[in-house]
Amino acid sequence: QVQLVESGGGLVQPGGSLRLSCAVSGSIFSSNAMAWYRLAPGKERELVAGVTSFGSTIYADSVKGRFTISRDNAKNMVYLQMNSLKPEDTAVYYCNAAAVNRRWSPRYDYWGQGTQVTVSS
């Protein structure tokens, strides 16, 4: 069973930074694309960023130039460096494996608890 544990969220002021971490269990980590998704009240789940098994990355237009996704296959970890945060970035952030051939949709139904990011003055 896949286990996903997100951490690193918190309350920051606009313009601030956070680094989110996702610990992934299982032996399939290195062979899967990984992604960060976020869910805000009243909005649909949104793909924030994704990284393939070989390091190619994609980003939502709204976060390009501000967020950076990375992975450490040796540690089964994926990260999201979030800079220049805006109030509209406020959401619960989740990680999951991603099905690249299905528009980066989440691959597993086993979601972690997510980590809350709140950007407010």
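As the structure is a prediction and not an experimental result, all values here were calculated from the model. (Residues numbered from 1 in each chain as written. Predicted model: local features only at pLDDT ≥ 70, side-chain atom pairs only at ≥ 80, totals over all residues. Heavy atoms only, no water.)

**Student:** Would you explain the overall build of the protein chain in this entry?
**Tutor:** Across its full length, the protein chain holds zero helices and eleven strands. When its helices and strands are written in sequence order, the protein chain yields β-β-β-β-β-β-β-β-β-β-β. For a compact globule of 121 residues, the expected C-alpha radius of gyration is about 14 Å, and the protein chain comes in at 13 Å, within 12% of that figure. Over its C-alpha atoms, taken along the principal directions, the protein chain stretches across nearly 40 × 30 × 25 Å. Here the protein chain holds 121 residues, and 43% of them are scored as buried. Within the protein chain, contacts between residues separated by at least 24 positions form 57% of all contacts whose residues are at least 6 apart in sequence. Accessible area for the protein chain stands at about 6400 Å²; split by element, carbon and sulfur atoms hold 47% of it. Taking the average place of the 12 positive charges on the side chains of the protein chain and the average place of its 8 negative ones, the gap between the two points comes to 4 Å. (Helix = DSSP H or I, 4+ residues; strand = E, 2+ residues; numbered from the N terminus. Rg over C-alpha atoms; globule rule 2.2 N^0.38 Å. Buried < 20%, exposed > 50% of the residue type's maximum accessible area, 1.4 Å probe, protein only. Contact = heavy atoms within 4.5 Å. Areas by Shrake-Rupley, 256 points an atom, 1.4 Å probe, with all protein chains shown as cover. Lys, Arg positive; Asp, Glu negative; His and termini not counted. Charge placed at Lys NZ, Arg CZ, Asp CG, Glu CD.)

**Student:** Whenever I open this one, the nonpolar core confuses me. Can you help?
**Tutor:** When a protein is soluble and globular, its nonpolar side chains tend to lie buried together. In this structure, Trp-36, Val-48, Phe-67, Val-78, Leu-80, Met-82 and Tyr-93 are the most contacted members of the largest nonpolar core, which totals 29 residues. Breaking this core down by element, the ones donating at least two residues are strand 3 (18–24), strand 4 (33–39), strand 5 (46–51), strand 7 (67–72), strand 8 (77–82), strand 9 (91–99) and strand 11 (115–119). Formed by five residues, the second largest nonpolar core is a distinct cluster that contains Ala-33, Tyr-37, Ala-98 and Trp-104. (Core = buried A, V, L, I, M, F, W, Y, C linked by side-chain atoms within 4.5 Å.)

**Student:** What is the right way to look at the side chain of Thr-52 in this model?
**Tutor:** Tracing the backbone through its elements, the reader meets Thr-52 in the loop between strand 5 and strand 6 (57–59). Residue class for Thr-52 comes out buried when judged on its relative accessible area of 10%. With sequence-adjacent residues up to four places away left out, Thr-52 is seen in contact with Ala-33, Arg-71 and Trp-104.

**Student:** Can you help me understand unusual backbone geometry in this one?
**Tutor:** Most of the time, phi is negative for any residue but glycine, and the peptide bond is trans. A positive phi angle is found at Asn-76, which is not glycine, with a value near 55 degrees. Here Asn-76 is to be found in the loop between strand 7 and strand 8. On the basis of relative accessible area, Asn-76 is assigned to the partly exposed category, the value being 22%. In this model, Ser-84 sits at a positive phi of 50 degrees, which is unusual for a non-glycine residue. Mapped onto the elements of the fold, Ser-84 is located in the loop between strand 8 and strand 9.

**Student:** How do you make sense of the sheet that holds strand 7 when you look at a structure like this?
**Tutor:** In sheet architecture, strand pairing relies on hydrogen bonds along the backbone and comes in two forms, parallel and antiparallel. Strand order in the open sheet made by the four strands is 1-3-8-7, with antiparallel pairing throughout. The open sheet has two edge strands with one neighbour each: strand 1 (4–7) and strand 7. If you compare each strand with its neighbour and ignore which way they point, the axes differ by 15 degrees on average. In terms of strand pairing, strand 3 meets strand 8 through six bridges, oriented antiparallel. By the bridge assignment for strand 8, Ser-21 is matched with Tyr-79. (Pairing = 2+ DSSP bridges. Axes fitted to C-alpha atoms, helices over the stretch in contact; angles between N-to-C directions.)

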